[in-house]
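Fold and contact review
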Amino acid sequence: MRIASLQKQSFIDWEGKTVAIIFTKGCNFRCGYCHNPSLALPHLLNSTPDISEKVFFEYLQNRKKWLDGVVITGGEPTIHADLPEFMASIKKMGFQIKLDTNGTNPSMLKHMIRNNLVDFIAMDIKTVLNEDKYNEIVNINGDRIINKISSSIQILRNENICYQFRTTIIPDLHTLEIKNRLAEQFRTDNYVLQEYRHGVTIGTELSNLQS
């Protein structure tokens, strides 16, 4: 597992739980508003050393009495084929796991759920499920993105798993019509809107490279 960084303790990333957070390297999206360009852009993520799994698991071992679980975020964790094995090792230590994902690997999500490797999944919904609208945000063409996203949505709804869908509202892209369509589509789900924050993003980093 390519671990970029470890936040040793958080009280706000999983309601009611004290957790450690790991940020994995690499992402299959290039969302312009993303505030973690160092986890997505190859020239940045390869410029810093990975945290070894040994260091991470030693930390967990020493914090068994103080932590409830681990949040795995990114980047996009499900691009790593060894993620289920990594999660199994965390579960064997007695920790609960929350996974943040963009939903592009439905087969892995189903495997995790059915093998009790995850306790909570937070899935980003970038916008309405339209190929052009989605590509406008994630900057990746093709690859059957909407089919994969739709499959992941149905998996979370139909399997026995706690989940949340969430959308970061981007000025000029999420119109009132789009927000209303999203609210209607996810009206029966645990669904939240997140506020866009200004700062260094993938968009600004790519603009700097091109200038």
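Everything discussed here concerns the structure shown above.
In every chain, residue numbers begin from 1 and rise along the written sequence. The model is predicted, so local features are restricted to residues of pLDDT at least 70 and side-chain atom pairs to those at 80 or more, both for listing and for counting; the totals for chains, interfaces and linings are taken over all residues. Note that water and hydrogens are dropped before the side-chain values are worked out from all heavy atoms of the structure.

Some thoughts on the nonpolar core
The following threshold applies: Joining through side-chain atoms within 4.5 Å is the link that ties buried Ala, Val, Leu, Ile, Met, Phe, Trp, Tyr and Cys residues into a set, and such a set is a nonpolar core. Exposure classes here rest on a 1.4 Å probe applied to the protein chains alone. A residue is buried below 20% of its type maximum, exposed above 50%, and partly exposed in between. Each helix is a run of DSSP H or I of at least 4 residues and each strand a run of E of at least 2, with the numbering of both proceeding from the N terminus. The criterion used for residue contact is that any of the two residues' heavy atoms lie within 4.5 Å.
Core analysis: the biggest nonpolar cluster contains 51 residues, and Leu60, Ile72, Phe86 and Ile90 have the highest contact counts within it. Per-element accounting of this core gives the leading share, six residues, to helix α7 (residues 145-158). In contact with Ile72, other than residues within four places in its own chain, are Ile22, Thr24, Pro77, Leu83, Phe86, Met87, Ile90, Ile97, Lys98, Leu99 and Asp100. Grouped together as the second largest cluster of nonpolar side chains are nine residues, Phe23, Leu39, Val71 and Ala122 included.

Side note on the sheet that holds strand β6 (residues 162-169)
Rules: Two strands qualify as a pair provided DSSP detects at least 2 bridges between them. Structural elements are reduced to axes, namely lines fitted to C-alpha atoms, with helices fitted over the stretch in contact, and the angle between N-to-C directions of any two is expressed from 0 to 180 degrees.
Spatially, seven strands are ordered β1-β2-β3-β4-β5-β6-β7 in an open sheet, and the strand pairing comes out mixed. A strand with exactly one partner marks an edge of an open sheet, and here the two such strands are β1 (3-10) and β7 (191-195). Here the average twist between neighbouring strands, direction ignored, is 20 degrees. In the packing of helix α3 (residues 53-62) onto the sheet, the strands contacted are β1, β2 (19-24) and β3 (69-73), and the crossing angle to β1 comes to about 10 degrees.

Remarks on helix α4 (residues 83-92)
Quick reminder of the rule: What the arc describes is the spread of directions from the helix axis to the C-beta atoms.
Taken together, the buried positions of α4 are occupied by Leu83, Pro84, Phe86, Met87 and Ile90. An end-on view of α4 places all buried positions within 160 degrees of arc, on one side of the element. In α4, the exposed positions that point more than 90 degrees away from the buried face belong to Glu85 and Lys92. Each element contacted by the buried residues of α4 is listed here: β1, β2, α3, β3, β4 (96-101) and α5 (106-114). Downstream of α4 by one or two residues, Gly94 has phi in the positive range, about 95 degrees.

Considering the environment of Ser89
Here Ser89 lies in helix α4. Residue Ser89 is classed as partly exposed on the basis of its relative accessible area, which comes to 31%. Counting along the chain gives 32 residues from Ser89 to Phe57, while the straight-line C-alpha distance between them is 8.8 Å.

Some words on α7
Going by this rule: Under the convention used throughout, the expected extent of a helix is 1.5 Å for every residue step, that is, one less than its residue count.
With 14 residues, α7 should cover 20 Å at 1.5 Å per step; its first-to-last C-alpha distance of 20 Å lies within 8% of that length. When α7 is considered as a whole, its buried residues turn out to be Ile145, Ile146, Lys148, Ile149, Ser152, Ile153, Ile155 and Leu156. As for α7, its buried residues are in contact with α5, β5 (120-124), α6 (131-138) and β6.

Here we look at the pairing of β3
Sheet faces and side chains relate simply in a regular strand, where the side chains alternate between the two faces. To keep it simple, the criterion reads: Assignment of crossover handedness uses the view with strands pointing away from the viewer, where a clockwise path from the first strand over the helix to the second indicates a right-handed crossover.
Across the five residues of β3, five count as buried, placing the element largely inside the fold. Neither face of β3 is left uncovered, since the one carrying Gly69, Val71 and Thr73 and the one carrying Val70 and Ile72 both have all their residues buried. Two strands pair when backbone bridges link them, and β2 and β3 are joined in this way by five bridges, in the parallel orientation. Counterpart to Ile22 in the pairing with β3 is Ile72. In this sheet, β4 lies alongside β3 in parallel orientation, the contact comprising four bridges. When the sheet's bridge partners are listed, Val70 is paired in β4 with Ile97. For the handedness criterion, the β-α-β arrangement of β3, α4 and β4 is classed as right-handed.

Some words on the pattern of salt bridges
For clarity, the cut-off: The salt bridge definition used is simple: a Lys or Arg side-chain nitrogen within 4 Å of an Asp or Glu carboxyl oxygen.
Tallying each qualifying case throughout the model produces 10 salt bridges. In this structure, the salt-bridge partner of Asp119 is Lys91, at a minimum N-O distance of 2.7 Å. Pair noted here: Asp119 is in the loop between α5 and β5 and Lys91 is in helix α4, with a separation of 28 residues, a long-range link. One network of salt bridges, with partners in common, ties together Asp100, Asp124, Lys126 and Arg166.

Taken by themselves, the reported measurements are silent on function.
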